[in-house]
Amino acid sequence: MGRPVPQLKVSIEVLRWITIIIVTLVFLGLVGTGAVLAGLWHFGRGLPEYQQLADYRPPVMTRVHAGDGSLITEYATEKRAFVPIRAIPKLVIKAFLAAEDKNFYSHPGVDPLGVLRAVVTNLKRLGGDRRPVGASTITQQVAKNFLLTNEVSYERKIKEAILALRIERAFPKDRILELYLNEIYLGFGAYGAAAAALNYFNKSMDELTVGEAAFLAALPKAPNNYHPIRKPKAAKVRRDWVISRMLEESFITKAQAEAAMAEPLVVHERENALLTHAEYFAEEVRRELLERYGDKELYRGGLSVRTTLDPKLQRIADRVLRAGLIAYDRRHGWRGPIARLSGFKKKGAASEDWAEKLAKVEAPPELGPWRLAVVFKANKDEAAIGLADGRQGTIPLAEMRWARPWVEGQKLGVWHGRADKVLHPGDVVAVEPVKERKVSQAKGKPPKTITYPEGTFSLRQIPDINGAVVALDPHTGRVLAMAGGIAYSKSQFNRATQAERQPGSAFKPFVYLAALDEGFTPSSLILDAPFVVDQGPGLGLWKPHNYGRKFYGPSTMRLGLEKSRNLMTVRLAQTIGMDKVAATARRFGIHQNISENLSQNLALALGAGETTLLRLVTGYAMLVNGGKKISPSLIDRIQDRNGRTILRHDKRPCEGCEVEDIATAVPPVIPDTRAQVADPLGAYQIVSMLHGVVRRGTGVRVRSVGKPLAGKTGTTNNSVDTWFIGFSPDLALGVFVGFDKPKPLGNRETGSSVAAPIFRDFMAAALKDKPATPFRIPPGIRLVRVNATTGRLARPGDSRVILEAFKPGTQPTGTGSVVRGIGVSRGGEAAATPRGLY
């Protein structure tokens, strides 16, 4: 028999093909492996250093707080609140895992099944115009967000995958998830899940419902595509899809899923967290932080800043400044409407779309609580108006009697006594609802109250003038309140710190302090008479005068300060020398860069040198604190993002401050490290004289507060700048009022009429519930009863007797103890003092 040769040949042929296939596969495997390795080498070159994630410090907002802890403002490039993974609720974590990466805790950084699904989907869409889908894991998204760009390309996806594998080997899963949940942008200006919970729902993460957590987890892919307000349907569909994914992964029960899907998607945007509004103060703090730490640390460093601001005093400052500016403005007449609308006839017929037109009128930032209204018609007794919300009302003539025509030079025109002479159809004006009006009656009778019907308004006008208020603690320099203008949104220029203006008579206390240091006393007589100085070739004669252009003859120094006598002040400054006055001004920080030429100019004694309100208030504060050096401060303490204190304003040592039981502990003695810039006895003498300004002088308007107060008015030439600077024993306050573009405030307008009422109203509110603490008298002061007019020792029958403050050895020794003073020559018994009693 023959052998089966064909069958053998077939077996050999099959074996040969199998060998070829195996060799081919091995070759292709080697080629593929080489290609992969080459690709990893090629794309892995120059990749960002992923180890930097170990030291990752996310940009965190800086928060600025008032002294009571209330939030003033926040500074950030990215609004983020960093939350460690252990503090993130499990519900939020599960929602993001269900939506973004269900296999996060099991894959090595790249999810092969997810990649396969993405490849199949993209092949189906090949040739279309739809964006390719990715299969990025949470780790890959961390790599992209922290280390790569948002470029849509296969090259970036490969780099992303390589980095993800490396990150997974370097960091635990929880750290990767923590980075992701704090870094991801979720729309609404929110970076990270914590900020998003606040911005979308005004909740912390542990307060979120299943539906709310699911909505946040729906946002990472494209927040704008699921905007809950602009695209509510798409947002709800996407949220419900995340809820279904949570159910599939058994993260929630079926009942929870059904309830969450039935829940409407309602956004509760974050409430204004700023409990204290102090824009001018906050801007000063921002500038200081920027100077100390730079832009990056301010906006990304997560600083916690505790400031000196007292919210109560800040509210008072804002209120009284606005009221004072309005009061001045009303005294100088009606400047006309804010705008005019067309379509109104004289008889009052208006177009039907008047409310829509009115709504388009931009409300001035200074409008505050007032409303805009358009005038329909007016007769002699009232004007009919309409508001943007459709409401209508009237302005009676009695509520616009102040509105005499404004005339150039802050003067008043003729009052015609008719409403239709003030307002006309189409006028857009500011109004405020009123319920009643007080009407004065005969002398001795209380005012009569007239009640208005509903819908009655008063005519208002936005002040053309501006000003500032600063309050600080005279013992520490801590700024407690700062209002730099009537409306920060209208003008960011801070009139408390940036406006260099002439203080006028508010500078005089430092002239008198210099004189006290030279041996004068409050009872020294100074001649109040004409004073002429030759200013040099071509400059003419300088002839200062008193406000009333009168001369009063020999008067005491106290009287000269209380009545703000210019001639006495100039004569006194000339006698002691302007170098002494300038030196005193420098010690108290009134003038920072005063030239040698100006320091010798007698006009400086009348407040011709420019300064700021904050510097002037600080100078006055050093008078009432006994002549101790202080610097105004806005910040008490700064902590970094980890809670470590990096700045503390009060650097005094405090041994014994850290105790276990404060109830039984002995109060520690904290040293006073403040430098002495003035004799405390001389400082008190000025305080006593300024107290007299309030009781009997130009500041008498302030006396109605009923608490121990001292201060000084200030008015420059032609009433361009007006001031009132003063203090109680524990609170220093300054007020400045003037036009931003300097011009006269008008006839008979002075610091007494413009600034003093603002000072008065502030102190009345700030000290309302405070005890009437007297000014502190330093050891060594001798209080002697003297005649307020002559300065001599009081005699029986004198009607105007005061307690005058003297340094030891300068008090008068007899009833006739008067010697020659400045411009005064009288016989009498001299006192045993370096200069005698003038």
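Residues numbered from 1 in each chain as written. Predicted model: local features only at pLDDT ≥ 70, side-chain atom pairs only at ≥ 80, totals over all residues. Heavy atoms only, no water.

**Student:** So, the overall build of the protein chain: which residues are in play, and what are the values?
**Tutor:** Broken down by element type, the protein chain carries 21 helices and 28 strands. The proportion of buried residues among the 838 residues of the protein chain is 50%. When contacts within the protein chain are restricted to residue pairs at least 6 apart in sequence, those whose partners lie at least 24 apart make up 68%. When the accessible area of the protein chain is evaluated, it comes to approximately 41300 Å², of which 54% is carbon and sulfur surface. (Helix = DSSP H or I, 4+ residues; strand = E, 2+ residues; numbered from the N terminus. Buried < 20%, exposed > 50% of the residue type's maximum accessible area, 1.4 Å probe, protein only. Contact = heavy atoms within 4.5 Å. Areas by Shrake-Rupley, 256 points an atom, 1.4 Å probe, with all protein chains shown as cover.)

**Student:** A description of a positive patch on the surface should follow, citing residues and the corresponding values.
**Tutor:** Together, Lys312, Arg315, Lys768 and Lys770 make up a region of like positive charge exposed at the surface. Looking at the element boundaries, Arg315 is found in helix α12 (residues 311-331). (Patch = residues over 30% accessible without salt bridge, like charges linked within 9 Å, V, L, I, M, F, W, Y side chains within 5 Å. Salt bridge = Lys/Arg side-chain N within 4 Å of Asp/Glu carboxyl O. Lys, Arg positive; Asp, Glu negative; His and termini not counted. Charge placed at Lys NZ, Arg CZ, Asp CG, Glu CD.)

**Student:** Talk me through the sheet that holds strand β2 (residues 71-75); I want residue IDs and the actual numbers.
**Tutor:** Taken together, the 5 strands give an open sheet; going across it, the order is β2-β1-β5-β22-β23, and neighbouring strands pair in mixed fashion. Taken across any chain shown, the strands that pair with only one partner, and hence form the sheet edges, are β2 and β23 (645-648). The mean inter-strand angle of the sheet, taken between neighbouring strand axes irrespective of direction, is 15°. Direction of pairing for strand β1 (residues 62-65) relative to β2: antiparallel, over a ladder of 4 bridges. The residue bridging Val64 from the neighbouring strand is Thr73, located in β2. Along the sheet face, helix α11 (residues 279-300) touches β1, β2, β5 (304-307), β22 (635-639) and β23 and points at about 35° away from the line of β2. (Pairing = 2+ DSSP bridges. Axes fitted to C-alpha atoms, helices over the stretch in contact; angles between N-to-C directions.)

**Student:** How would you summarise the side chain of Lys173 if you had to cite specific residues and measurements?
**Tutor:** With respect to the helices and strands, Lys173 occurs in helix α6 (residues 173-183). Judged by its relative accessible area of 16%, Lys173 is buried. Contact partners of Lys173, with chain neighbours within four places excluded, come to Phe104, Tyr105, His107 and Glu168.

**Student:** Could you give an account of unusual backbone geometry, with specific residues and numbers?
**Tutor:** Backbone geometry follows two general trends: most residues other than glycine have a negative phi, and most peptide bonds adopt the trans configuration. Positioned with a positive phi, Ser564 is a non-glycine residue whose angle comes to about 55°. Structurally, Ser564 is set in the loop between α15 (557-562) and α16 (566-576). Its identity as a non-glycine residue notwithstanding, Ser719 has a phi of 55°, on the positive side. Exposure remark for Ser719: the relative accessible area of 8% places this residue in the buried category.

**Student:** Give a detailed account of the side chain of Arg80, specifying residues and quantitative values.
**Tutor:** Tracing the backbone shows Arg80 in strand β3 (residues 79-80). For Arg80, a relative accessible area of 1% puts it in the buried group. Polar side-chain contacts of Arg80 include one of 2.7 Å to the backbone oxygen of Pro59. Of note is the side chain of Arg80, whose polar atom sits 2.9 Å from the side chain of Glu78. If we skip the residues at most four places from it in the chain, Arg80 touches Pro58, Pro59, Val60, Met61, Asn182, Glu183, Tyr191 and Ala195. (Polar contact = N/O pair within 3.5 Å; in protein donor to acceptor, adjacent residues only side chain to side chain.)

**Student:** Can you lay out the pattern of salt bridges for me, pointing to particular residues and giving the numbers?
**Tutor:** Enumeration according to the criterion identifies 41 salt bridges in this entry. Here Arg331 makes a salt bridge to Glu749, at a shortest N to O gap of 3.0 Å. Taken as a pair, Arg331 in helix α12 and Glu749 in the loop between β26 (731-738) and α21 (756-766) lie far apart in primary sequence, 418 residues in all. On the basis of relative accessibility, which here comes to 4%, the residue Glu749 falls in the buried class. Among the ionic pairs, Glu562 bridges to Arg558, the shortest N-O distance being 3.1 Å. One end of the pair is Glu562 and the other is Arg558, both in helix α15 and 4 residues apart, which spans about a single turn. One continuous salt-bridge network, built from bridges that share partners, spans Glu283, Glu284, Arg286 and Arg287.

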